[in-house]
Structures are given as C-alpha cells and as structure tokens.
Amino acid sequence: MAAIDATDVSKRYRTEVALDQLDLTVEEGETFGFLGPNGAGKSTFINVLLDFVKPTEGSVGIFGYDCQKDGVAARNRIGVLPEGYSVFDRLTGRQHIEYAIRSKNADDAPLDILDRVGIREDAHRKASEYSKGMAQRLVLGMALVGEPDLLLLDEPSTGLDPNGAAEMRQILREENERGATIFFSSHILEQVEAVCDRVGILQNGKLVAVDTIEGLRDALGGGTKLAITVDQLREGTISEIKTIDGVETAVAHDDTSLEVTCSNEAKMDIIVGLRDAGIDVVNFRTEEASLEDMFIKYTDVGQR
Ligand code: ADP
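Caption draft 1: Expanded view of the domain arrangement of the protein. Each assigned domain of the protein is listed with its residue range as follows: domain 1 (2–212) and domain 2 (221–288). Each of domain 1 and domain 2 has a C-alpha centre, and the two are 41 Å apart.

Caption draft 2: Fine view of a negative patch on the surface. Judged by side-chain charge, D5, D8, D23, E27 and E28 come together as a negatively charged surface patch. Elements that contribute at least two residues to the negative patch include exactly β1 (2–13) and β2 (16–27).

Caption draft 3: Highlighting the pairing of strand β7 (residues 150–154). In terms of burial, β7 is largely enclosed, as five of its five residues are buried. Burial along β7 is two-sided: L150, L152 and D154 facing one way and L151 and L153 facing the other are all buried. Here five bridges tie β7 to strand β8 (residues 181–186), and the two strands are oriented parallel to one another. When the sheet's bridge partners are listed, L150 is paired in β8 with T181. Traced from β7 through helix α6 (residues 162–178) to β8, the parallel crossover comes out right-handed.

Caption draft 4: Representation of the site of the ligand in the model. In the neighbourhood of the ligand, the contacting residues comprise Y13, E16, A18, P37, N38, G39, A40, G41, K42, S43 and T44. A40 has a polar backbone atom sitting 3.1 Å from an oxygen atom of the ligand. Contact between the ligand and K42: an oxygen atom at 2.9 Å from a main-chain N or O atom of the residue. In the complex, 61% of the free accessible area of the ligand, which totals 570 Å², lies under the protein chains. For the shell around the ligand, the elements supplying multiple residues, two or more each, are β2 and α1 (42–49). Per-element tally for the shell around the ligand: the top contributor is α1, with three residues. Classifying every residue of the shell around the ligand gives four nonpolar, five polar and two charged.

Caption draft 5: Just the confidence of the model for the protein, in detail. In this model, the protein carries a mean pLDDT of 89, and residues with pLDDT of at least 70 account for 95%. At the level of individual helices and strands, the protein shows its lowest average pLDDT in helix α11 (residues 291–299), which scores 73, and its highest in helix α4 (residues 110–116), which scores 97.

Caption draft 6: How the structure looks around empty space enclosed by the protein. Applying the stated criterion to the full structure yields one cavity of 30 Å³ or more. In this structure, the largest cavity is lined by R116, V117, Q136, R137, L140, L160, G164, E167, M168 and I171. When contributions to the lining of the largest cavity are tallied by element, the ones reaching two or more residues are α5 (132–144) and α6. In terms of residue count, the dominant contributor to the lining of the largest cavity is α6 (four residues). For the lining of the largest cavity, a count of residues per class yields five nonpolar, two polar and three charged.

About the criteria used
- Residues numbered from 1 in each chain as written.
- Predicted model: local features only at pLDDT ≥ 70, side-chain atom pairs only at ≥ 80, totals over all residues.
- Heavy atoms only, no water.
- Domains from an automatic or database assignment.
- Patch = residues over 30% accessible without salt bridge, like charges linked within 9 Å, V, L, I, M, F, W, Y side chains within 5 Å.
- Areas by Shrake-Rupley, 256 points an atom, 1.4 Å probe, with all protein chains shown as cover.
- Salt bridge = Lys/Arg side-chain N within 4 Å of Asp/Glu carboxyl O.
- Lys, Arg positive; Asp, Glu negative; His and termini not counted.
- Charge placed at Lys NZ, Arg CZ, Asp CG, Glu CD.
- Helix = DSSP H or I, 4+ residues; strand = E, 2+ residues; numbered from the N terminus.
- Buried < 20%, exposed > 50% of the residue type's maximum accessible area, 1.4 Å probe, protein only.
- Pairing = 2+ DSSP bridges.
- Right-handed = clockwise from strand over helix to strand, strands pointing away.
- Near = heavy atom within 4 Å.
- Polar contact = N/O pair within 3.5 Å; in protein donor to acceptor, adjacent residues only side chain to side chain.
- Nonpolar A, V, L, I, M, F, W, Y, C, P; charged D, E, K, R; others polar.
- pLDDT = per-residue confidence, 0-100.
- 1 Å grid on protein atoms, 1.4 Å probe; cavity = no way out; pocket = protein on both sides within 12 Å on 5 of 7 lines; lining within 4 Å.
- Points joined across faces, edges and corners; volume = space filled by probe spheres on them.

So, in structure tokens, the structure goes:
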C-alpha cells in the first residue's frame, strides 16, 4: 500500500497558487526527498498531509486514510517534525518526550529516545535553556515516539551543525531500516542525496521531476559537468558555448575558468569550439552532475 497518495492536489490562497494539481505516490518503505526553492509549496503540501491546510481541490491519503476526512487515523501513523515548531519553555526535555508518549499512547522509554537524539544529558533542563539545535533534536525525539510508520520532516536539518546533520541522517537510516517510510523536505541537497531513494522537485506548486537521483542524472543527458581552465575568456564565449548542441548550462567563474553541464557527446565539441575560437584550453576535467546541478536545471534558478 502507498504510504502517501496525492491525487490532483491544488491549494490556492486568493491569487497565490501554492500547489498546482500535484500527483504523487510514495511507496511504503521509501525515503523520499521533497526538494524545491523557497516558496515552491513544500510546507503547504506537508500541511495538507497533516490536515493543517485544506486543499482547494484533490485529495491525499496516508496508508489509505484520507488526510482530510480521516485525519485522526492518518495522523496516528505519523511522526512529525513540523516547520516552525515550538517547544514548551517551562517543560524539561524529558517532560516533552513523556508528553509525546502519553498523547500517542506509546510505551517508549523517555531517556532512550533522548539518548538517540543526543540530548540525554540535558533531559532535566527546561526547553527554554536549549539551543536551536537542541530544540530541533528534542522535536525529532518527539516524532520518533511510538515507532511511527511515516516520518514527515519539514527541513529537518535547519539549526543543526554538520555533526548534528550527520546524526540526523543516521537516525533517518535506522528508522527506514526499521520499516518506516520517510518523507522530508529540504533545500540542502547533500542531505537528500545521501539518504533518499527518490526525490521530487517542486517548483511553483508543480512537481517538475520525480525520480531516483540516477534517473534524474540520466534525464539530464548523461549530466556531465566540465570544469575548464583557459588562458583568457573573451566576451561572448559563454553565449557561443550555449549554442553548442547538448549544452545545458555554461557559467564563467572568472576570466580563466568556466563550468559547463552538457551531454557526454558535447564534451569534445566544447573543447574543439574553444580552440577554434583561439582560446587556449589549459586544463579540463569531468565531474558527474551533482544533485545541485540537477536542481538548478529543473528549477531554472541558475545562470543560463
Ligand atoms: P515552501 O515550503 O516550499 O517554501 P510554502 O508552501 O511555504 O513554500 O509556500 C508556497 C506559496 O504559498 C508561497 O508563494 C507562499 O507565499 C504561499 N502561501 C503559503 N501560505 C500562505 C498563506 N497562509 N496565505 C497566503 N499565501 C500563502
């Protein structure tokens, strides 16, 4: 059964279209990364799943429960780290976890959960004394209570330092191994690349791509990135490169270095084209397209 099944979901706020006929199925057991620039509609979609926001059209199910009509049953299966979460200043870390255990009717050991998220030592301290990263870990701990079938995480690594982000990824892997489906939004691409089976790229409320990272690379025509060093770039060189068949993007870093994403076949044409234009190619190397390159390609936020 699908963990998340969205059919034709639209959400409009007056003139603003936050979600535009979105169709998406996330299978049980997947780790799915939901990517998109700010304002793309990621939080709106997560809020529809949680029934905080009603879609203007369409419907969303979680494990077969309609999120709007059967919201309570759907939410019983979810652990959530919401956007803009808040903690209760006067409660300790441990009390937060105990509260989550009571409200989910679960039987986890509070200190074990706090240990997993790395704040066991601070269990007795009031949440008002927690740093942003500690509060983030605490809310993640609350989401883990009761072994949810689906973890919904809105920008989970905001506020975490690199170690914290690595620990978060480790927890997501463990939860996935336990059998949980994981759905998280992020604009931090390495996070997504490191843990996700599939990603969806959202822009202006529309899913512009849904695929494995490999699949997205293939769709970019091999997705090769060329880093080229030359003696001296001329005015117009970048525009000329962009006209070569198979070239996706071309960006100059300075007077002597440029980066081009292109199909495999286009590589030699670019080098030959530069030489024909009298530009000395000092060095060039090929890199596989990163998720960031794909993101720029699909969302068109890069220089083109
Ligand atoms: P993301 O999470 O990808 O940054 P959001 O889902 O927060 O994007 O926002 C999607 C779009 O919907 C944005 O243009 C935003 O301004 C708009 N939007 C979100 N919430 C509201 C609201 N309550 N009222 C009006 N517009 C909203």
